[in-house]
Amino acid sequence: MSSQAEHDLTLIPGPIEFDDQVLNAMSHPTVAHTAKPFVSTFSQVLKSLRTLFFSKDPKAQAFVIAGSGTLGWDIVSSNLIEAGENALVLNTGYFSDSFADCLGVYGAKVDQLRAPIGDRPGLNEIEAALKSKNYKIITITHVDTSTGVLSDIKAISEVVHKVSPDTLVVVDGVCSVGVEEIRFDDWGLDFVLSASQKAIGAPAGLSISFASARALATVESRKTPVASYFASLLRWAPIMRAYESDKPAYFATPAVQNVYALHEALRQITSGGESAIVERFKVHQHASDRVKDTVEGLGLKLVAVRRDIAAHGMSAVYLPEGVQNTDLLPWFLKHKVVLAGGIHKEIATKYFRIGHMGVSVTNPSLGHLDKILTLLPEAIKSAKN
Ligand SMILES: Cc1ncc(COP(=O)(O)O)c(C=O)c1O
């Protein structure tokens with residue numbers, strides 16, 4: 001049971017449903033952003049992000065900055081690469097396109113390695129591309145929320161370290177952090193950007209990222225100034241280090257109440273340590289299998305061309321012949337469930353998306369997953385008639 005006001009069950013690929021305690025944590029009386037209790041809370045948030053990313057490297061650094069996931073693209077584009085330098089974008093959908101656009105805005109020379117819709121670039125192609133030019137960064141959208149395609153960031157990072165070791169490995173983890181495994185140090189990653197409102201399960205409003213010592217050294221040794229004021233890692237790094245070591249610091253006012261909610265969300269995810277995080281991934285994989293088995297059992301096709309490259313926190317599903325989103329989504333709404341339509345430009349009207357992340361998966365007593373699995377067959381039957 002939830003103590004929240006009655007509302008439509010929102011099973012989109014973020015923002016997701018909240019746990020009651022996360023939502024309640026946000027309703028915190030005002031507190032100075034430099035006051036001891038808040039500093040201590042922020043410190044715990046930054047430390048728990050190290051646990052979430054399985055990172056033991058004291059020189060790596062978490063960043064929590066007011067903003068949405070998109071701010072992470074601006075941070076990467078304005079800090080880790082300079083105008084005129086090369087970026088290789090592995091394109092698995094709409095969000096990879098947008099990341100490429102953002103890099104271009106700051107003057108990076110962007111090459112995109114595009115997979116056919118629902119697929120992902122192969123390791124051989126990636127290796128060949130990396131050998132063709134000096135790339136300052138490679139970007140990988142871990143889960144492209146437009147296609148539900150999961151990239152193998154561990155294998156890609158191995159290729160990068162083998163053939164182009166100076167290239168920084170940058171991951172868009174907006175739709176993966178908290179649901180897909182990310183072993184930051186072991187996999188040799190340099191920057192993962194994310195946001196509060198998806199699998200982490202906190203309200204929208206925080207850009208969350210994790211940077212390697214190598215990424216931070218790259219920013220420090222730029223030939224040109226960081227191309228942003230608010231998004232400057234040079235300005236934020238000392239602030240994050242201070243907060244993490246329980247000292248107040250100021251560059252720009254943090255989103256205090258959002259940080260309280262994030263603190264509770266991360267407490268729930270990380271307080272059981274690494275084994276509990278691994279278990280959380282398994283629970284999401286199991287839930288994802290249930291959803292995907294159900295849709296495939298109904299004769300529907302996933303946008304991801306194979307199950308082993310499909311994300312575990314969401315499913316993108318092609319509509320059956322003759323059924324439109326304008327039939328299906330209002331049907332769900334009548335049953336008080338909100339699903340998402342398509343967003344990939346080339347197939348937007350041909351598919352829909354279901355989010356299955358966070359509390360909707362980890363707290364079965366809420367009945368969210370059961371509800372959607374029961375409604376899906378009815379919805380498809382009704383939309384076909
Ligand atoms: C993979 C991915 N990257 C980036 C973003 C942008 O995040 P935001 O909408 O929080 O700015 C999204 C949003 O859904 C996303 O799914």
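Cut-offs and rules
- Residues numbered from 1 in each chain as written.
- Predicted model: local features only at pLDDT ≥ 70, side-chain atom pairs only at ≥ 80, totals over all residues.
- Heavy atoms only, no water.
- Buried < 20%, exposed > 50% of the residue type's maximum accessible area, 1.4 Å probe, protein only.
- Helix = DSSP H or I, 4+ residues; strand = E, 2+ residues; numbered from the N terminus.
- Pairing = 2+ DSSP bridges.
- UniProt positions renumbered as here; feature names shortened; annotations may be inferred.

Draft legend 1. Spatial organisation of the pairing of strand S9 (residues 191–195). Buried residues dominate S9, accounting for 5 of its 5 residues. Across the two faces of S9 the burial is the same, with Phe191, Leu193 and Ala195 and Val192 and Ser194 all buried. Sheet topology note: the S9/strand S10 (residues 206–211) ladder contains 5 bridges and is antiparallel. Counterpart to Ala195 in the pairing with S10 is Ser207.

Draft legend 2. Layout of the UniProt feature "domain: Aminotransferase class V" (unreviewed entry) in the chain. The positions that UniProt labels "domain: Aminotransferase class V" (unreviewed entry) are, in the present scheme, residues 24–291. In the segment residues 24–291, helix accounts for 44% and strand for 16%; the C-alpha atoms at its two ends are 30 Å apart.

Draft legend 3. Examining unusual backbone geometry more closely. Residue Pro15 is reached from Gly14 by a cis peptide bond, and omega for that bond is 0 degrees. In the Ramachandran plot, Phe54 falls in the positive-phi region, its phi being about 55 degrees despite a non-glycine side chain. Judged by relative accessible area, Phe54 falls into the buried class, the value being 6%. Within the chain, Lys336 stands out as a residue other than glycine whose phi angle is a positive 65 degrees.

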